[in-house]
Each structure stands twice: as C-alpha cells, then as structure tokens.
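# Report on the structure
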Amino acid sequence: MTEEIQIPRKIANQLLHLAQLSPEQEVCGLIGGISGTPSHCYPIRNIAELPAQRFLLEPSEQIAALSTMRDQGESLFGIYHSHPHSPATPSATDLELAAYPEALYVIISLDTKGILEMRGFYLNDGQSREVSMVLNEE
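Figured I'd write up the structure that's included with this text. Worth saying up front: this structure is predicted, and the values here are computed from it rather than measured. (Residues numbered from 1 in each chain as written. Predicted model: local features only at pLDDT ≥ 70, side-chain atom pairs only at ≥ 80, totals over all residues. Heavy atoms only, no water.)

The next subject is the layout of surface pockets. Counted as a void, the largest pocket has a volume near 290 Å³. Around the largest pocket, the lining is made up of 15 residues, and of these Phe55, Leu56, Leu57, Leu97 and Tyr105 lie nearest the centre. For the lining of the largest pocket, the secondary structure elements donating two or more residues are strand E4 (75–83) and helix H3 (92–97). Of the residues forming the lining of the largest pocket, the biggest block, three residues, is contributed by H3. Taken together, the residues of the lining of the largest pocket break down into ten nonpolar, three polar and two charged. (1 Å grid on protein atoms, 1.4 Å probe; cavity = no way out; pocket = protein on both sides within 12 Å on 5 of 7 lines; lining within 4 Å. Points joined across faces, edges and corners; volume = space filled by probe spheres on them. Helix = DSSP H or I, 4+ residues; strand = E, 2+ residues; numbered from the N terminus. Nonpolar A, V, L, I, M, F, W, Y, C, P; charged D, E, K, R; others polar.)

Formed by 20 residues in total, the largest nonpolar core has its most connected members in Ile5, Ile7, Leu15, Tyr80, Leu104 and Val106. When contributions to this core are tallied by element, the ones reaching two or more residues are strand E1 (4–8), helix H1 (9–21), E4, strand E5 (104–109) and strand E7 (127–136). Take this core: its biggest share by element is six residues, from H1. Those residues in contact with isoleucine 7 that sit more than four places away from it in its chain are Ala12, Pro38, Phe77, Met133, Val134, Leu135 and Asn136. (Core = buried A, V, L, I, M, F, W, Y, C linked by side-chain atoms within 4.5 Å. Buried < 20%, exposed > 50% of the residue type's maximum accessible area, 1.4 Å probe, protein only. Contact = heavy atoms within 4.5 Å.)

Its location among the elements puts alanine 19 in helix H1. In this structure alanine 19 touches Val27, Ser82, Ile108 and Leu110, once residues within four positions along its chain are discounted.

Worth remembering: the numbers are spatial, not functional.
So this is what it looks like as structure tokens:
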C-alpha cells in the first residue's frame with residue numbers, strides 16, 4: 001500500500017504558482033509543517049550555476065527560513081523544486097545531493113503540455129520512495 005500524505009490545497013496551489021512564475025528555471029524552497037502537516041512555503045533563491053537544470057538553495061535564505069520555522073513552531077516538512085523540462089521524478093543529481101532523508105521532496109514538472117504535475121518522494125542513500133499526495137481543503 002502506498003503511503004499517503006495530506007497536502008493543503010492552498011500549499012499545493014502556491015507551489016504550482018511559484019513554478020509557473022519561472023518556466024525556464026528551477027524554483028526551489030522549503031515547506032514548514034506542524035504535526036506532520038504542511039503549513040507554509042518558504043521560497044528560496046536558486047543559486048545553481050545552471051538553474052535551468054538543477055537547484056541550489058541560497059544558504060542565508062535557507063538558514064533564515066529554518067529560523068522562521070522554528071520561531072513559528074514548525075519543523076522542516078519538505079523541500080520543493082521544479083523541473084522545467086523533465087518529469088516530476090528525482091533526477092540522478094536530486095538523489096545524489098539529497099541531504100534530508102526525513103523531508104518530503106516535492107517535485108513540480110512544467111513539462112506536461114499544460115497540465116502541471118506534482119509528486120512527492122522521500123530520498124535516502126540514492127534511493128527514492130514515492131508517496132501519494134492527497135489534497136485537502138484545510
């Protein structure tokens with residue numbers, strides 16, 4: 001049986017909107033959560049050398065987002081990024097660079113002929129495990 005994670009519709013809509021704002025470059029950021037439920041998106045600048053092909057969170061913005069989460073009683077729920085020209089599955093680079101095995105990696109694909117695709121994975125030791133993301137109205 002596939003594990004399911006509840007995602008509030010407003011968080012999902014925000015992630016999709018952020019990806020659409022930058023159709024040629026990967027967007028990225030963190031998702032804070034309370035009691036295992038996503039509560040806030042924290043967009044972070046992508047400072048990768050090739051932002052159309054990979055993402056790298058800007059370190060000071062990442063630290064500030066984690067600090068804000070702590071102040072609001074949140075913990076790191078997930079890390080999101082977009083794939084402008086490839087499917088919403090972890091790339092070899094995503095698997096190699098994944099540093100937070102407890103975080104859900106949310107990938108948004110814009111490479112879908114007008115229909116956005118968003119999928120979630122846990123990445124650990126070069127392996128990915130997909131979870132089903134179910135939208136709720138919270």
